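Now for the letters of each chain:
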Amino acid sequence: PSPVPTNPASGDSATGTGTGSGTAEDGLPASLLLKAQRSWDWRAIASEALRPWGSIRKEQLETAVAACNDNGTMYCQRLQVHKGSLYLTDYRAIFFDRHYAPARVWPLLAALRRHRDLPDVDIVVAGNDEPRVPAFPGVGSSWAKTCRRWPGEKGGPLPPAIFASTTSRGVMDLPWLDFAWYFPRKPHKLRTPPWSVLHPQLVEAGGKVRWEDKLEIAMHTGNVGSPFRKRLAAAAAAHPDSMLVNELFIGDHGKIKQTCRELGLHTQGGHQQHKCFMRFEDQCSYKYLLNSASIGYANKFKSLLLCGSVVLYVRE
């Protein structure tokens, strides 16, 4: 099929883009930056993702459905488009997902809206923090485990063809937009605006703060539940002169009403717990932003990159 056109209308929330009037640090209008993004070679990107798959058989969809019941998925579902109509079968969903469930179907609904002649589709999608089908190059244990679970031509099932929100060159999961691209427009627990609103805001915020005016602190704000982030918090507690970890959970939204800047806590280093929250535009005032996995990834990564700060990707 022909590649999806990459010239959506401005501010189209279904595509996760907006045109905003902000400027980047080099003075380019946000609209020009977005125009450059739309010139990406989407066919090449899709071909790269599909490289491990010469073809996909029907039984691999059934294997994907079985993988839905593995621990680690926020939700798992089968999405089918037949003659222009979308059909959904839910297999798994945890409590957190109830607040963001519409984000599951927006990518296909947007495609249907734009392409009334969309061919029939049958896919399985998992919202997860860790890949479902790992096969890391050069890591014998990873390949051995994958081959034991899905021996394929030896008489067993083939690896599942599953779309997921965490992928890399070391896994066979196919990339799918996670819920963070489709946050609700009404107030919600994470307090993050929809990407179509947030993108131009961050481009503008990143351009407003000169590098020399940014705070000389490496900062992380958010959940500190994972082992990765616990180590970050311990490092911040040991080095308050150079690091700040501002800990809060999704359940704090009803209790914590003020930002760290409003309380004067944004310039203090160390590990502060459940005192304040930070808007994304406030985060652009730091020279160094820490990106660390919650469990498998952090959906804020794309937002941090727009601040004009140095993003430190902490993997371990």
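Residues numbered from 1 in each chain as written. Predicted model: local features only at pLDDT ≥ 70, side-chain atom pairs only at ≥ 80, totals over all residues. Heavy atoms only, no water.

## Structural notes on the overall build of the chain
For the chain, the count of helices and strands is 10 helices and 10 strands. Here the chain, with 316 residues, has 43% of them falling under the buried criterion. Considering only contacts within the chain whose residues lie at least 6 apart along the sequence, 64% involve residues at least 24 apart. Just so you have it, the chain exposes about 16700 Å², and 56% of that area is on carbon and sulfur atoms. (Helix = DSSP H or I, 4+ residues; strand = E, 2+ residues; numbered from the N terminus. Buried < 20%, exposed > 50% of the residue type's maximum accessible area, 1.4 Å probe, protein only. Contact = heavy atoms within 4.5 Å. Areas by Shrake-Rupley, 256 points an atom, 1.4 Å probe, with all protein chains shown as cover.)

## A look at the state of the cysteines
The full count for this structure, using the stated rule, is three disulfides. Disulfide partner of Cys260: Cys276, at an S-S distance of 2.0 Å. Its torsion about the S-S bond being 85 degrees, the disulfide of Cys260 and Cys276 is classed as right-handed. With Cys260 in helix α8 (residues 260–263) and Cys276 in the loop between β8 (270–273) and α9 (280–283), this residue pair connects regions lying 16 residues apart in the sequence. Accessibility assignment for this pair places Cys260 and Cys276 in one class, buried. Regarding the disulfides, the chain carries the connectivity 1-2, 3-4, 5-6 under sequence-order numbering of its bonded cysteines. (Disulfide = S-S within 2.5 Å.)

## Some remarks on the environment of Arg169
Looking at where Arg169 falls in the secondary structure, it is placed in the loop between β4 (163–164) and β5 (174–175). With a relative accessible area of 72%, Arg169 lands in the exposed category. Along the primary structure Arg169 and Glu48 are separated by 121 residues, whereas in three dimensions their C-alpha atoms are 9.3 Å apart. Once you skip the residues sitting within four places of it in the chain, Arg169 turns out to touch Glu48 and Pro137.

## Comments concerning empty space enclosed by the protein
Overall, the coordinates contain one cavity of 30 Å³ or more when judged by the stated rule. Size it by volume and the largest cavity reaches roughly 30 Å³. As for the largest cavity, its lining consists of Arg261, His266, Met278, Asp282, Ser285 and Tyr286. Across the lining of the largest cavity, the residue classes tally to two nonpolar, two polar and two charged. (1 Å grid on protein atoms, 1.4 Å probe; cavity = no way out; pocket = protein on both sides within 12 Å on 5 of 7 lines; lining within 4 Å. Points joined across faces, edges and corners; volume = space filled by probe spheres on them. Nonpolar A, V, L, I, M, F, W, Y, C, P; charged D, E, K, R; others polar.)

## Things to note about the confidence of the model for the chain
When pLDDT is averaged across the chain, the result is 79; 84% of the residues are at 70 or more. When pLDDT is averaged over each helix and strand of the chain, the minimum, 68, is found for helix α1 (residues 30–37) and the maximum, 95, for strand β7 (residues 243–247). For residues 1–27, every residue scores under 50 in pLDDT, and the model assigns this stretch 59 contacts once sequence neighbours within four places are set aside. (pLDDT = per-residue confidence, 0-100.)

## Examining the pattern of salt bridges
Scanning all chains against the criterion turns up nine salt bridges. For Glu62, the salt bridge identified is with Arg78, shortest N-O distance 3.3 Å. Within this pair, whereas Glu62 is found in helix α3 (residues 58–67), its partner Arg78 is found in strand β1 (residues 73–82), the two being separated by 16 residues in sequence. The structure contains a network of salt bridges with shared partners spanning Glu62, Arg78 and Asp122. (Salt bridge = Lys/Arg side-chain N within 4 Å of Asp/Glu carboxyl O.)

## Examining the sheet that holds strand β9 (residues 286–292)
The sheet built from five strands is open, its strands ordered β8-β7-β6-β9-β10 with parallel pairing. Edge positions in the sheet fall to β8 and β10 (310–314), since each of these pairs with one other strand and no more. Along the sheet, successive strands turn relative to each other by an average axial angle of 25 degrees, direction set aside. Bridge count for β9 against β10 is five bridges, and the pairing is parallel. Bridging across to β10, Tyr288 finds its partner in Val310. The strands that helix α7 (residues 227–238) touches are β6 (215–222), β7, β8, β9 and β10; relative to β7, the one it contacts most, it runs at about 130 degrees. (Pairing = 2+ DSSP bridges. Axes fitted to C-alpha atoms, helices over the stretch in contact; angles between N-to-C directions.)

## Considering the side chain of Gln272
Here Gln272 shows up in strand β8. According to the relative accessible area criterion, Gln272 is buried, its value standing at 5%. Setting aside anything within four residues of it in sequence, one finds Gln272 in contact with Leu244, Val245, Asn246, Glu247, Cys260 and Leu265.

## Concerning the packing of aromatic side chains
Across all of its chains, the model carries five aromatic pairs by this definition. Residues Trp181 and Trp195 carry aromatic rings whose centres are separated by 5.2 Å and whose planes lie at 80 degrees to one another, so their mutual orientation is edge-to-face. In this pair, Trp181 sits in the loop between β5 and α6 (195–208) while Trp195 sits in helix α6, placing the two residues 14 residues apart along the sequence. With relative accessibility at 25%, the residue Trp181 sits in the partly exposed group. With a centroid separation of 5.2 Å and 40 degrees between ring planes, the pair formed by Phe301 and Tyr313 is classed as tilted. With a gap of 12 residues between them, Phe301 in helix α10 (residues 301–304) and Tyr313 in strand β10 connect regions that are remote in the sequence. A cation over a ring is seen here: Lys302 above Trp181, with NZ or CZ 4.7 Å from the ring centre. (Phe/Tyr/Trp six-rings, centres within 6.5 Å; stacked < 30°, edge-to-face > 60°. Lys NZ or Arg CZ within 6 Å of the ring centre and 35° of its normal.)

## Observations concerning the nonpolar core
Generally speaking, soluble globular proteins have nonpolar side chains that are buried together. Leu79, Ile123, Val124, Val125, Ile162 and Trp176 are the most contacted members of the largest nonpolar core, which totals 24 residues. Those elements that place two or more of their residues in this core are α3, β1, α4 (106–114) and β3 (121–128). Beyond its immediate stretch of four places on either side in the chain, Trp176 contacts Tyr75, Leu79, Arg104, Pro107, Leu108, Ile123, Val125, Phe163, Ala164 and Ser165. With 17 residues, the next largest nonpolar core counts Ile217, Phe280, Tyr286 and Cys307 among its residues. (Core = buried A, V, L, I, M, F, W, Y, C linked by side-chain atoms within 4.5 Å.)

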